[in-house]
Amino acid sequence: KLLEDKKKCEKTLKKFGVKNNYILTVGTLEPRKNIKGLVEAFSILCSNKDFKASLVIVGGKGWYYEELFEKIDYLKLQDRVIFTGYASEEEILHFYNMADLFVYPSFYEGFGLPLLEAMVCGCPVLASNVSSIPEVVGDAGHLVDPYNINDIADGILKVLSNEELKGRMISLGLERSKLFSWEKCVN
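Cut-off values and rules
- Residues numbered from 1 in each chain as written.
- Predicted model: local features only at pLDDT ≥ 70, side-chain atom pairs only at ≥ 80, totals over all residues.
- Heavy atoms only, no water.
- Axes fitted to C-alpha atoms, helices over the stretch in contact; angles between N-to-C directions.
- Helix = DSSP H or I, 4+ residues; strand = E, 2+ residues; numbered from the N terminus.
- Parallel < 35°, antiparallel > 145°, perpendicular 65-115°, else oblique.
- Left-handed = near helix turned anticlockwise from the far one by under 90°.
- Contact = heavy atoms within 4.5 Å.
- Nonpolar A, V, L, I, M, F, W, Y, C, P; charged D, E, K, R; others polar.
- Salt bridge = Lys/Arg side-chain N within 4 Å of Asp/Glu carboxyl O.
- Buried < 20%, exposed > 50% of the residue type's maximum accessible area, 1.4 Å probe, protein only.

So, the packing of helix H2 (residues 35-46) against helix H7 (residues 149-160): which residues are in play, and what are the values?
Put simply, H2 and H7 touch, their axes get as near as 8 Å, and they point 60° apart. What the angle tells us is that H2 and H7 run oblique. Considering the relative orientation of H2 and H7, their crossing is right-handed. Here H2 contributes Gly37, Leu38, Glu40, Ala41, Ile44 and Leu45 to the contact with H7, which in turn contributes Ile149, Asn150, Ile152, Ala153, Ile156 and Leu157. Residue composition of the contact of H2 with H7, by class: nine nonpolar, two polar and one charged.

Below, the structure written as structure tokens:
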């Protein structure tokens, strides 16, 4: 949900060492989430000295996560990528509310609840164009090919550099998120 209390959100960001604008992803660190691809796309963006955002990754370690940390070391992104590990529901809510963009580059998802969580918090969404993800996002987000690192990087830059597009995505996301509820799911 959209939060009015920015002070609480800022306190959470400070707790995890987040100091500036950031791109957010949420999920267990495992290969199907394609966080390694997101890090590679983020590296492309960081090669531009004017690009100042951080990448915040919220989620616990799953399987084969070591490769992700090796990739970050190899790309020398240790000072730009922030791993929070486990975060409470309230803290995750704070991250969604303060993020410039939520990126969900998964190769496969059964549903993709974080997409809805981001949209209901007024966070613009960039996500994969595969699996169930387009069905969840609809026209409210920007879809990219998760197998194409340049497509992910270009999509991130497109959204972050266009305030009108971001505003439209936020509005559409808030409306789209109303289509989903536990009650509707049960029915």
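Please provide a residue-by-residue account of the pattern of salt bridges, values included.
The full count for this structure, using the stated rule, is nine salt bridges. With its nearest N and O atoms 2.6 Å apart, the salt bridge here joins Glu91 to Lys15. A residue pair is termed long-range when its members are at least 10 positions apart, and Glu91 in helix H4 (residues 89-98) and Lys15 in helix H1 (residues 6-15) qualify at 76 residues. Given a relative accessible area of 57%, Lys15 falls into the exposed group. With a closest N to O distance of 2.7 Å, Lys36 and Glu67 form a salt bridge. Here the residue Lys36 occupies a position in helix H2, and Glu67 occupies one in helix H3 (residues 66-74), the gap between them amounting to 31 residues. Looking at Glu67, the relative accessible area reads 42%, which means it is partly exposed. Salt bridges sharing partners connect three or more residues here, namely Glu30, Arg32, Lys33 and Glu109.

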